[in-house]
Amino acid sequence: MGAVTDDEVIRKRLLIDGDGAGDDRRINVLLKSFTKWCNSPGTPEEGFTQRMQSTLAQCEFSMGKTLMVYDMNLREMENYEKIYTNIEQNITSAHEKIAECKKEIQRAKRIRKNRQEYDALAKVIQQHPDRHETLKQLEALDKELQQLSQIKENVDDKLELRKKQFHVLLSTIQELQQTLENDEKSDNDDNSQESPVENE
Amino acid sequence: MDPVELLHMSVFSQSFSPCGRFLAAGNNYGEIALFSLSAALSPDATALSQKPVLTFTAHEGPIFSLLSTDCFLLSTGNGEISAWSWTELIKKNVKPLWTKRPNYKSSLEIPEINSMAVQSRDNSLVIGGGDNNVHILDLEHGVFKSVLQGHTDYVHCVSVREREAEVLSGSEDGAVRIWDSRTGQSVHCIEVYKYESCARPQFGKWISCLTTDSDWMLCGGGPSLSLWHLRSLSPTSIFPLTGCQRQAAFHQDMILAAGDGAFVSHCRLGGEVKAQIPCSLQSVNTLQLNANSAEHQVLTVAGSSDHIDVFTNLSYKAFSLSF
């Protein structure tokens, strides 16, 4: 256990030795001069106490500096933690945005597919003639048909009329012929009847 | 497998597992190889992860069609259909669950089965094969429900129109027939090669790829790949792709088509070819998109080679799996 802590201590000391070998040496020098000052007989020199005080002040100063550096490190750590959580949040929101965008893409692809299907159908439909035009053509044809059937009816009626008239004419002629024949026959009969009477 | 066999290998069919982590591919030697997609797509994939985790001989003849339902893998070969359980296959147990053979009229030659499709409405399997007929197998009871007769030459591809419960079949005789699956009668018969805009007499009249999106249908083969509106039975767009397309698929707002030619064509519904992405195969027989898994959404393309190209992003080929 003692070896471990010694190692740790040595390692820490070697690491923390950022200030050069100054700090440690200064503390040792201060201690040595303090013990010398305590053990020195009689009055010490004036400069001695001042020197000791100045070294003490220097030590305090460097200690204050390291304390501040320590505080600063702590605050930096906090800052980094904050940035870290911030970045994590950004990552998750970016993930979500990516998923959203992927869904959007799928939707847009579906829409595009529908549009293309529509276009393809429209192309085929365009090849067929317009419905209004065909309707108009149909109407015109209907009218023509009606007119023609009208004309046909008229002609038929005329034909019927002429037929009847001819029929009447022919039947009157026949009757006349018949009556003429009858008259002739009756005349002949009369004549033949009269002549034998005359002869007697 | 020795190099000569690998050189002459063609992969005819692929299917993804229901969990989306495995790909099964069938080749012309009657073997099915199972590839682990999660291993091949993981960041620390090695060359070994692009080899199959399991290869076994499923049939004596080439496997022209593979289909996955939610727990089975159905494979066709030598005129029969075998069903394998995906969970058993993942555990490397290669015993088929059942093997069935449709009723063929002639017993002299055994016609091959070219294509299968599942009708989820009544849980039946539609099979198109070399005997010019489309057979429907009820997966619940395992009996063949009906036979749709009408084609005069073998059936290349079948597809199912879920909403209207219709089956579409494209065949070598150039006709795409639409059958009502309940009555078994042919509702429409579209002879694609008779339409001047689609016909390519130099290639013939056979229809080799058929896929439907309920309102629209893509068909191609001898005639150019064309998009048809099924309500009006009229071709709306013709795609100016050289070569005969063997497989086409609707994907979001695009059409993916592949066939002769070492590329996968991306086309828009309007009829223009947006892009042609090269792949390492000389000609492509099958194209599959993994819709079963969210993180392994890849397009795999296989054909006249022992390699299967995997596209993680549709715009470029990422790597190849090999038998």
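Residues numbered from 1 in each chain as written. Chains lettered and ligands numbered in written order. Predicted model: local features only at pLDDT ≥ 70, side-chain atom pairs only at ≥ 80, totals over all residues. Heavy atoms only, no water.

## Remarks on a negative patch on the surface
Then, in step 1: A cluster of acidic residues, Glu 181, Asp 183, Glu 184, Asp 187, Asp 189, Asp 190 and Glu 194 of chain A, forms a negative patch on the protein surface.
Then, in step 2: Its place among the elements puts Glu 181 of chain A in helix α4 (residues 131–199). (Patch = residues over 30% accessible without salt bridge, like charges linked within 9 Å, V, L, I, M, F, W, Y side chains within 5 Å. Areas by Shrake-Rupley, 256 points an atom, 1.4 Å probe, with all protein chains shown as cover. Salt bridge = Lys/Arg side-chain N within 4 Å of Asp/Glu carboxyl O. Lys, Arg positive; Asp, Glu negative; His and termini not counted. Charge placed at Lys NZ, Arg CZ, Asp CG, Glu CD. Helix = DSSP H or I, 4+ residues; strand = E, 2+ residues; numbered from the N terminus.)

## Here we look at the sheet that holds strand β17 (residues 207–212) of chain B
Then, in step 1: With antiparallel pairing, four strands are arranged side by side in an open sheet as β17-β18-β19-β20 (chain B). The strands lining the two open edges of the sheet, one partner per strand, are β17 and β20 (234–238) of chain B. For this sheet the average axis-to-axis angle between neighbouring strands, irrespective of direction, equals 25°.
Then, in step 2: Where strand β19 (residues 226–229) of chain B and β20 of chain B come together, four bridges link them in antiparallel fashion. Looking at the pairing, Leu 227 of chain B lines up with Ser 237 of chain B of β20 of chain B.
Then, in step 3: Against the sheet, helix α3 (residues 46–127) of chain A engages β18 (216–221), β19 and β20 of chain B, with an angle of about 120° to β20 of chain B. (Pairing = 2+ DSSP bridges. Axes fitted to C-alpha atoms, helices over the stretch in contact; angles between N-to-C directions. Contact = heavy atoms within 4.5 Å.)

## Details of the pattern of salt bridges
Then, in step 1: Counted according to the given criterion, the structure contains 16 salt bridges over all chains.
Then, in step 2: A salt bridge links Arg 107 of chain A to Glu 104 of chain A; the shortest N-O distance between them is 2.9 Å. Of this pair, Arg 107 of chain A and Glu 104 of chain A both sit in helix α3, three residues apart, roughly one helical turn.
Then, in step 3: Overall, the relative accessible area of 38% leaves Arg 107 of chain A in the partly exposed class.
Then, in step 4: Exposure remark for Glu 104 of chain A: the relative accessible area of 41% places this residue in the partly exposed category.
Then, in step 5: For Arg 163 of chain B, the salt bridge identified is with Glu 164 of chain B, shortest N-O distance 4.0 Å.
Then, in step 6: One continuous salt-bridge network, built from bridges that share partners, spans Arg 161, Arg 163, Glu 164, Glu 166 and Asp 215 of chain B. (Buried < 20%, exposed > 50% of the residue type's maximum accessible area, 1.4 Å probe, protein only.)

## Details of the interface of chain A and chain B
Then, in step 1: Contacts between the two partners involve ten residues from chain A and, on the opposite side, 13 residues from chain B.
Then, in step 2: Carbon and sulfur atoms supply 51% of the area that chain A and chain B bury against each other, a total of about 1200 Å² over both sides.
Then, in step 3: Remark: the boundary between chain A and chain B carries two salt bridges.
Then, in step 4: There are seven residue pairs in polar contact (both at pLDDT 80 or more) connecting chain A and chain B. (Buried area = accessible area lost by both parts, 1.4 Å probe. Polar contact = N/O pair within 3.5 Å; in protein donor to acceptor, adjacent residues only side chain to side chain.)

These figures come from the coordinates and say nothing about function on their own.
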